[in-house]
Amino acid sequence: MNVKIAAVGSSSLIAEEIRDIARALLSERLPVILRRTEEITDDRSADLYLCARTQYDHLSRIIPKERLFLMELQPDSTFFFAISRIPAESDVYIFNNHIAYPKELAAYCRTLGMDQVNYIPLAFEELPKEELLRILSNAPYIIGVDRFVSLLKQPPYAGVLRPDVQIIAGKRTASLRSAFAVLRSLAGILLDDLRARWHSEAHSPTQLHEIAVDVDNAIDILQAGTIRTVVSQAAIAETDSIPAAHTHRELPPEKLHDYISERLELLQFLHEKIDTLKK
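Everything quoted here is computed from the prediction, not taken from an experiment.

Observations concerning the sheet that holds strand 6 (residues 91–96)
And step 1. Overall, parallel pairing links the 4 strands, which are arranged 7-6-8-9 in an open sheet. Edge positions in the sheet fall to strand 7 (118–123) and strand 9 (166–170), since each has one partner strand and no second. Ignoring strand direction, the axes of neighbouring strands in this sheet form an average angle of 25°.
And step 2. Sheet topology note: the strand 8 (residues 141–145)/strand 9 ladder contains 5 bridges and is parallel. Residue Ile142 lies in a different strand from strand 9, and its bridge partner there is Ile167.

Description of the packing of aromatic side chains
And step 1. One pass over the full model with this rule turns up 5 aromatic pairs.
And step 2. When the ring centre of Tyr101 is taken as reference, the NZ or CZ atom of Arg172 above it lies at 4.6 Å.

Some words on the environment of Gly170
And step 1. Relative to the assigned elements, Gly170 resides in strand 9.
And step 2. Residue classification places Gly170 among the buried residues on the basis of a relative accessible area of 0%.
And step 3. Gly170 sits 22 residues away from Phe148 along the chain, and the two C-alpha atoms are 9.6 Å apart.
And step 4. Beyond its immediate stretch of four places on either side in the chain, Gly170 contacts Pro75, Phe79, Gly144, Val145 and Asp146.

Observations concerning unusual backbone geometry
And step 1. That bond from Pro155 to Pro156 is cis: its omega, 0°, falls within 30 degrees of zero.
And step 2. Within the secondary structure layout, Pro156 lies in the loop between helix 6 (146–149) and strand 9.
And step 3. The backbone of Glu89 sits at a positive phi, close to 70°, despite the residue not being glycine.
And step 4. Summarising the element assignment, Glu89 is placed in the loop between helix 3 (77–84) and strand 6.

So, the side chain of Asp76
And step 1. Its location among the elements puts Asp76 in the loop between strand 5 (73–75) and helix 3.
And step 2. Despite its burial, Asp76 pairs with no opposite charge; the closest candidate is Lys171, at 7.3 Å N-O.
And step 3. Side chain to side chain, Asp76 and Thr78 meet in a polar contact 2.5 Å long.

Some words on the pairing of strand 2 (residues 32–36)
Side-chain positions along a regular strand alternate between the two faces of the sheet.
And step 1. The sheet contact formed by strand 1 (residues 5–9) and strand 2 spans 5 bridges and is parallel. Opposite Val8, over in strand 2, you have Arg35 as the bridge partner.
And step 2. Of the crossover connections in this fold, the one passing from strand 1 over helix 1 (residues 12–25) to the parallel strand 2 is right-handed.

Calculation notes
- Residues numbered from 1 in each chain as written.
- Predicted model: local features only at pLDDT ≥ 70, side-chain atom pairs only at ≥ 80, totals over all residues.
- Heavy atoms only, no water.
- Pairing = 2+ DSSP bridges.
- Helix = DSSP H or I, 4+ residues; strand = E, 2+ residues; numbered from the N terminus.
- Axes fitted to C-alpha atoms, helices over the stretch in contact; angles between N-to-C directions.
- Phe/Tyr/Trp six-rings, centres within 6.5 Å; stacked < 30°, edge-to-face > 60°.
- Lys NZ or Arg CZ within 6 Å of the ring centre and 35° of its normal.
- Buried < 20%, exposed > 50% of the residue type's maximum accessible area, 1.4 Å probe, protein only.
- Contact = heavy atoms within 4.5 Å.
- Lys, Arg positive; Asp, Glu negative; His and termini not counted.
- Salt bridge = Lys/Arg side-chain N within 4 Å of Asp/Glu carboxyl O.
- Polar contact = N/O pair within 3.5 Å; in protein donor to acceptor, adjacent residues only side chain to side chain.
- Right-handed = clockwise from strand over helix to strand, strands pointing away.

Listed below in structure tokens is the structure:
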């Protein structure tokens, strides 16, 4: 399985976040490379490209849209539950590098009915340092993506925060729609590759076992990815991978043909099922 995935972000922090989400939902068996948006000048680095909303329009001019996937990143349910417990009329500062995401997050919170507080975007790369530190020194509640609010524990921010400040960090994951879109495309790539290898020519016993291993690994990745995608929305403890049969290890070469054919049919079924879930 020679599928390569690129996690692309406006900064290294965002690219790393997308990479970690991809690894958690898909598999560490699939290589995920890091790229900043400015480094993408052609489509030769990877088979699939994952990016956040703010980078999609730019990258769509370089990467074919069937290989570029918008990762709709959203905090898990525990984050929103914590916000819902903030007293009414409180000032809640949304700490982020740029202003676009805090505005989007505030709007989303209001659609969930959490409009009892005042959401105030705070973009640390767009404000003068003195003004940023002054605002932080008076902030009673600070929320945001975990990778950014963790910066508040370091200088120069840590020394100016109120002793009673409450910081709520959100660990983001991909929305069901965007995760299933990636899984569907990945399933298609794996299925096409394995079918091509299977139908290409006569195979030695060693080659048959290699194909059987790769078919089972593909099924592992797609089954576990489907389950983890759903589980991640509720911040439930990560489920263990559900391994495929791998019974080919005990089969003689003459029975591997039937085994591989049956497993490819299962892989086709998973592809169709993920396509249904995506819709």
